[in-house]
Amino acid sequence: MCAKKIVGVLGATGSVGQRFILLLADHPDFELKVLGASPRSAGKKYVDAVNWKQTDLLPEFAKDIVVTECKAEAFKDCAVVFSGLDADFAGSIEKEFKEAGLAVVSNAKNYRREADVPLVVPIVNPEHLELVGQKVELAKKSGAARPGFIVCISNCSTAGLVAPLKPLVDSFGPIDLLTTTTLQAISGAGFSPGVSGIDVLDNIVPYIGGEEDKMEWETKKILGALSKDKSAVDILSDEEMKVSAQCNRVAVSDGHTECISLRFKNQPPPSLEQVKQSLREYVCDAFKLGCHSAPKQTIHVLEQNDRPQPRLDRNRDNGYGVSVGRVREDPVLDYKMVVLSHNTVIGAAGAGILIAEILLAKNYI
Ligand SMILES: NC(=O)C1=CN([C@@H]2O[C@H](COP(=O)(O)OP(=O)(O)OC[C@H]3O[C@@H](n4cnc5c(N)ncnc54)[C@H](OP(=O)(O)O)[C@@H]3O)[C@@H](O)[C@H]2O)C=CC1
Ligand SMILES: N[C@@H](CC(=O)OP(=O)(O)O)C(=O)O
């Protein structure tokens, strides 16, 4: 058996960082050894630096690791560095890491729109990783050092949205109109400072800064095709696909719910049963590659009228699977449905780990 690859986490004390700690405990491919956070946390043992908020206990292995400042030198032995950094600081830190030759898999929004940066939801568009894979292969051929690179994970609501769209587009052709209204968990807002109780208890906040624009834009990059020479993604134009998102914060701990309606470009549309079958039968490439964390069932189609529900359904396939319920005809567009995804697993840390497993399977790290 090959030795485990050493990995690190930036922003290890935050909402996403804590999920990385849980998901990387006892991982068969990766050994988490380096934890980075702000200068406020650096120098402390993780157990003393973190304000642990997960319902699972803090894993033993992480407790005594001394948190470091986010400097590339401290992470030089890492095959991958996962980033759960506050976006205000991620830009310069991730750039330094990339320039130091490190492979960064980031949750932050900073580089998602860069042409040479793959924006990847691992159960949807792992083929976009070829944008960096090609550079790695070229370096290997010329005997040069493995290049540093950044792979971005999408916005967490976008991850849930594109999961059911992918099999539908593969089976029935383009979706030209799409609307979504989200009900987003408080863990999505992070822990520093996070959503205050008085704002969210007995309440719904109908605004999440920047979220609607991110969902509307990122969907078109993720569903875009890789160009023939694998050097860029052909982002869908507004003419090809119109997306409208409305985002709300609700008093749920984990799990983003999204009510979506869509229209197919090709008319007449598929039947309701064909739509459900396409969702049910979808198997993501990561599972075919044998990746450890890949969901066995990528999309769970639920038939009960009152599902999916965050508390009951967010942990399907350990949070790597997406639940879809209430699939039905829409009197305005073609079909509507309710999608639920775990925002800090398949929407964040879990997505990062699954991306790293794919990079490993392809020998890019
Ligand atoms: N929560 C979610 O569901 C999702 C979040 N994201 C993105 O992931 C990133 C992390 O989000 P989240 O975990 O929610 O945020 P949190 O606010 O919970 O955590 C932020 C992390 O950044 C660290 N940090 C803050 N300032 C600095 C600094 N100056 N230098 C180095 N590290 C610093 C914090 O360390 P310290 O504790 O020491 O202050 C902490 O570890 C964000 O970019 C977010 O947009 C993406 C998808 C989903
Ligand atoms: N904004 C999301 C979290 C997230 O994914 O943010 P970003 O796209 O900035 O990484 C939420 O509040 O639930």
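Residues numbered from 1 in each chain as written. Chains lettered and ligands numbered in written order. Predicted model: local features only at pLDDT ≥ 70, side-chain atom pairs only at ≥ 80, totals over all residues. Heavy atoms only, no water.

Draft legend 1. Structural detail: the side chain of Asn 107. The residue Asn 107 is located in the loop between strand 5 (103-106) and strand 6 (119-120) in this model. With residues up to four places along the chain from it excluded, the contact list for Asn 107 reads Val 16, Phe 20, Ser 83, Gly 84, Arg 112, Ile 153, Gly 347, Ala 348 and Ala 349. (Helix = DSSP H or I, 4+ residues; strand = E, 2+ residues; numbered from the N terminus. Contact = heavy atoms within 4.5 Å.)

Draft legend 2. Up close: the site of ligand 2. Taken together, Asn 107, Arg 112, Asn 155, Cys 156, Gln 184, Gly 188, Ala 189, Ile 208, Glu 211, Lys 214, Arg 249 and His 256 are the residues near ligand 2. One of the backbone nitrogen or oxygen atoms of Asn 107 is found 3.4 Å away from an oxygen atom of ligand 2. Cys 156 places a polar main-chain atom, nitrogen or oxygen, 3.1 Å from an oxygen atom of ligand 2. Contact with the protein chains covers 83% of the free accessible surface of ligand 2, which is 340 Å². Here the residues of the shell around ligand 2 are counted per class, giving three nonpolar, five polar and four charged. (Near = heavy atom within 4 Å. Polar contact = N/O pair within 3.5 Å; in protein donor to acceptor, adjacent residues only side chain to side chain. Areas by Shrake-Rupley, 256 points an atom, 1.4 Å probe, with all protein chains shown as cover. Nonpolar A, V, L, I, M, F, W, Y, C, P; charged D, E, K, R; others polar.)

Draft legend 3. Broad picture of helix 1 (residues 15-24). Among the 10 residues of helix 1, nine are classified as buried, and the element is accordingly described as predominantly covered. Listed as buried for helix 1 are Ser 15, Val 16, Gly 17, Gln 18, Arg 19, Phe 20, Ile 21, Leu 22 and Leu 24. Contacts from the buried residues of helix 1 go to strand 1 (5-10), strand 2 (30-37), helix 2 (46-49), helix 3 (60-63), strand 4 (80-83) and helix 12 (349-361). Two residues or fewer past helix 1, Asp 26 is found with a positive phi of approximately 60°. (Buried < 20%, exposed > 50% of the residue type's maximum accessible area, 1.4 Å probe, protein only.)

Draft legend 4. Just the UniProt feature "active site" (unreviewed entry) in the chain, in detail. UniProt records the feature "active site" (unreviewed entry) at Cys 156 and His 256, using the numbering of this structure. The largest pairwise C-alpha distance within this set of annotated residues, which runs over 101 residues, is 8.0 Å, so the set is compact in three dimensions. One can find Cys 156 in helix 6 (residues 156-172). Residue Cys 156 is classed as buried on the basis of its relative accessible area of 15%. With residues near it in sequence (within four places) discarded, Cys 156 still touches Glu 211, His 256, Ser 341, Asn 343 and Gly 347. One can find His 256 in strand 12 (residues 256-264). Once you skip the residues sitting within four places of it in the chain, His 256 turns out to touch Cys 156, Ser 157, Leu 183, Gln 184, Ala 185, Gly 188, Arg 249, Val 339, Leu 340, Ser 341 and Asn 343. Within the local environment of His 256, its side chain forms a polar contact with the backbone nitrogen of Ala 185, the two atoms lying 3.0 Å apart. (UniProt positions renumbered as here; feature names shortened; annotations may be inferred.)

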